[in-house]
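Listed below are the residues making up each chain.
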Amino acid sequence: MGWLSKTFTSSVGKKLIMALTGLFLISFLIVHLSGNFLLLRNDNGAAFFQYSEFMKTNPVILVMEVVLFLGFIIHAFSGFRLALENKKARPVGYAVNRPSENSSVFSRSMVWTGSIVFIFLVIHLKSFFVDHKVASWMGVTHEETLFQAVVSAFQNPVYTWFYVAAMVLLGFHLNHGFQSAFQTLGLNHKKYTPLIKKLGLIFSIVVPLLFAYVPLYFLLIYKTTGGN
Amino acid sequence: MKITLKVWRQKNAQSEGKFETYPAHDISPDMSFLEMLDVVNERLIEKNEEPFAFDHDCREGICGSCSLYINGRAHGPKKGVTACQLHMRSFDDGETIHVEPWRAKPFPVIKDLIVDRTAFDRIMESGGFVSVKTGSAPDGNAILIPHDDAEMAIDAASCIGCGAWVAACKNASAMLFVSAKVSQFTLLPQGHPERETRVLDMVAQMDKEGFGSCTNTGACEAECPKEISISNIARLNREFIRANVR
C-alpha cells in the first residue's frame, strides 16, 4: 500500500477527507446562494435565465460540476462508512447514558442530518438539474424555462416546506461541521479558534435561512404577473 | 443516605452480563464512591455472596484505574474528577445509581466492572523509544524550553490513561489519549528525533486496536478527569499531516 492510500485510510486521514470535502461543499453553498438571489429580481427570471444558461455552457463550470459531484459523493460515502465503523467500535451499548452532558446534539447527529440533506439533494437535483440540464445535454428542448420550473415547484407548499425543513437540518449539520473541519485540519489555537466557532455559528444560521427564504418567497409573497 | 445500586455483573469476557440490584442503607455522604462500593461489597461477603469486581488503585485521582461508568457518565456526574474522588454527597438520598464498565470493542470485560485496557499499553509501545544522550550527566538547563511549551507538555502529560474519553465518546475513539501522548513528546525538544515515526506508528496501532474515529464532539474533553483539551487532537492531526508530507 502506497503512503498516500495509507494516509487516507487511517482514522486521521478519513477525518481529513471529511474536513476537506466539507469545506469545499461549504464554499459551494456560497456560490449557489448568490445564484439563487437572482431569482428574487423582479424581472420575470431574465437575470436567472442568463445565469442558468451560463452555468449550462461555461467550460470552467462544467469541470467544477464534476469536481462538485465527486466532492458530494466522497463526503457522503466516507461519512456513512465512518459512521458504520464507529458504531462497530462499541458493540455493547450503555444501559444508562447521558451524552447531552458532554457534547452537543448537533455533533452527535451528523450522520442523520447529513442523510436527510442527502435525500433532499437527490430530490432537488431531480427537479432543477436532471430535468433541465441533462435534458439539454441530450438535445431535448424544454418548453418551460428553469425559472418557471422554480416558480411552479416552490408554489407547491409540500415541496417548499420540505425544502425549508432540509435547510434547518443543513444548519444543524453546519453548526458542527464548519468548526469541526478546522479542528480536523489541525487549525486550533486560542488566537483564532473562538473566531472560527463564532463564524461557524453565524454561517450555520444565516446561510440556510437565506436558502430557505427563496422558496418561501415564491410560496408566500410572489404573485405570478401574467404571461409566461 | 439510602441508595439503590444497579451494578453490571458479568462472569468473564465470554458470558453475558446483566444488572444486579443492591439496596444500600447507612451510606455516609462523606464516603468516596469507591468506599461506598467497598461497604456494599463487605455486606455481600457477610451474606456469603460474591462481591463485585472493580478496578481501583491509588484512590487519590492519579492512577486512572477506577474505570466506572456511573449514571451514564464516565467517572460519574462531577467534572474533572475520577470515580475515587467522587463523593456520595454528589448523589441524592434515595437515588438509583447505575454502575457499568467502560463499553468499547477494544475494552473487553474481564469481570463485572473490570475491562482489559492493555490496548493502551500496546499503543504506548508502538510509539517506540526516545533517543537520549549517553555519557556524562548533562547540565540541568542545557536544553532551553520556552515556558509555554513546557506548560502545554506537562498539561498533556497529566493524562492518566484512564479511558474515560473512550468510554464517553460516541465513537469509542482513543484520540484524546493518543494526542496527549504524542503532544507531550512533540512539544519538548527531547521528543524530536522520533517525532514523525512516533505519530504514524501510534495512530496505526490505535486503528489496529479497533477504536473508532474522532468526530470532534468534544465529549472526551468534557469527561476527562484531567481536563485535557482537544487542542491536543488538533496537534495530533497537524503532526500526522506533517509526518506524512515530510
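As a convention, each chain's residues are numbered from 1 in the sequence order in which they are written. Just so you know, chain letters begin at A and ligand numbers begin at 1, following the order they were written in. For this predicted model, a pLDDT threshold of at least 70 governs which residues receive local features, and a threshold of 80 or more governs which side-chain atom pairs are given and counted, while totals over whole chains, interfaces and linings are taken from all residues. Excluding hydrogens and water, the side-chain figures rest on all heavy atoms present in the structure.

Undergrad: Help me understand the domain arrangement of chain B, please; the structure alone is not making it clear to me.
TA: Accessible area lost upon the coming together of the parts serves often as the stated size of an interface. All names here are of chain B. As far as domains go, chain B holds domain 1 (3–100) and domain 2 (117–132 + 144–245). Residue ranges for the domains originate in an automatic or database domain assignment. Each of domain 1 and domain 2 has a C-alpha centre, and these two points are 29 Å apart. The interface of domain 1 with domain 2 comprises 15 residues on the first partner and 13 residues on the second. Two parts placed together each lose some accessible area; with a 1.4 Å probe, that loss summed over both constitutes the buried area. Both faces considered, domain 1 and domain 2 share a buried interface measuring about 1,000 Å² in area, 45% of it formed by carbon and sulfur atoms. For domain 1, the biggest contributors to the area lost against domain 2 are A74, K79 and G80; these three give 35% of the whole. Whether two residues are in contact is decided by their heavy atoms: any pair within 4.5 Å suffices.

Undergrad: Just to check I follow, could you spell out the interface of chain B and chain A for this structure?
TA: The interface is formed by 45 residues belonging to chain B together with 33 residues belonging to chain A. Counted as salt bridges are all cases of a side-chain nitrogen of Lys or Arg within 4 Å of a carboxyl oxygen of Asp or Glu. Counting across the interface, chain B meets chain A through one salt bridge. Among the ionic pairs, R73 of chain B bridges to E101 of chain A, the shortest N-O distance being 3.4 Å. Throughout this description, a polar contact denotes any pair of N or O atoms lying within 3.5 Å of each other; where both atoms belong to protein, one of them has to be capable of donating a hydrogen while the other can accept it, and for residues adjacent in sequence the pair is counted only when both atoms sit in side chains. Remark: the boundary between chain B and chain A carries 26 residue pairs in polar contact (both at pLDDT 80 or more). Working definition: helices are DSSP H or I runs of at least four residues, strands are E runs of at least two. Numbering for both runs from the N terminus. Going through the elements one at a time, strand 5 (96–100), helix 4 (164–168), helix 6 (195–209), helix 7 (219–223) and helix 8 (231–245) of chain B are the ones with two or more residues in the side of chain B that touches chain A.

Undergrad: What is the right way to look at the nonpolar core in this model?
TA: Judged by nonpolar contacts, the single largest core of 45 residues is most densely connected at V166 and F211 of chain B. No other element matches the six residues that helix 5 (residues 175–186) of chain B contributes to this core. Excluding its chain neighbours within four sequence positions, the residues that come into contact with V166 of chain B are R90 of chain A together with A104, F107, F120, A172, S173, A174 and F211 of chain B. Counting residues in hydrophobic clusters, the runner-up holds 33 residues, among them L33, F120, V214 and F218 of chain A. As used in this record, nonpolar core signifies buried Ala, Val, Leu, Ile, Met, Phe, Trp, Tyr and Cys residues forming a set joined through side-chain atoms within 4.5 Å. Throughout, exposure labels follow a simple rule: accessible area from a 1.4 Å probe, protein chains only, divided by the maximum for the residue type, with under 20% read as buried, over 50% as exposed, and the rest as partly exposed.

Undergrad: Even after reading the chapter, I still don't get helix 6 (residues 110–137) of chain A, so can you show me in this structure?
TA: Because each turn of an α-helix spans 3.6 residues, side chains separated by three or four positions end up pointing in the same direction. One less than the residue count of a helix, multiplied by 1.5 Å, gives the span that helix is expected to have. The end-to-end C-alpha separation of helix 6 of chain A is 35 Å, well short of the 40 Å expected for 28 residues at 1.5 Å each. In helix 6 of chain A, a bend of some 45° at F129 of chain A exceeds every other bend along the element. Across the chain, bend at a residue is computed as the angle between axes fitted to the seven residues ending at that point and the seven starting from it.

Undergrad: In this structure, what is going on with the pattern of salt bridges? I would like to understand it.
TA: Oppositely charged side chains are able to pair whenever their charged atoms sit close together. In the structure shown here, the tally under the stated rule is 18 salt bridges over all chains. R59 of chain B is the salt-bridge partner of D38 of chain B, the closest N and O atoms lying 2.8 Å from each other. Linking D38 of chain B in helix 1 (residues 33–46) with R59 of chain B in the loop between helix 1 and strand 3 (69–70), this pair joins segments that are 21 residues apart in sequence. Overall, the relative accessible area of 24% leaves D38 of chain B in the partly exposed class. Note on R59 of chain B: relative accessible area 27%, which makes it partly exposed. In this structure, a network of salt bridges that share partners links the residues E101 of chain A together with R73 and E223 of chain B.

Undergrad: Before we go on, may I ask you to explain the environment of D93 of chain B in this structure?
TA: All names here are of chain B. Mapped onto the secondary structure, D93 falls in the loop between strand 4 (73–74) and strand 5. You can call D93 exposed: its relative accessible area is 58%. Ignoring any residue separated from it by four or fewer positions in sequence, one finds D93 in contact with M1 and K2. Among the polar contacts made by the side chain of D93, one reaches the main-chain amide nitrogen of K2 at a distance of 2.6 Å.

Undergrad: How should I be thinking about the pairing of strand 5 of chain B in this particular structure?
TA: Regular strands place their side chains on alternate faces of the sheet. Residues and elements named next belong to chain B. In terms of burial, strand 5 is a largely internal element, four of the five residues being buried. When strand 1 (residues 3–9) meets strand 5, the two strands line up parallel, connected through four bridges. Directly across from K6, in strand 5, lies its bridge partner H98. For two strands to be treated as a pair, DSSP must find at least two bridges joining them. Sheet topology note: the strand 3/strand 5 ladder contains two bridges and is antiparallel. Bridging across to strand 5, I70 finds its partner in V99.

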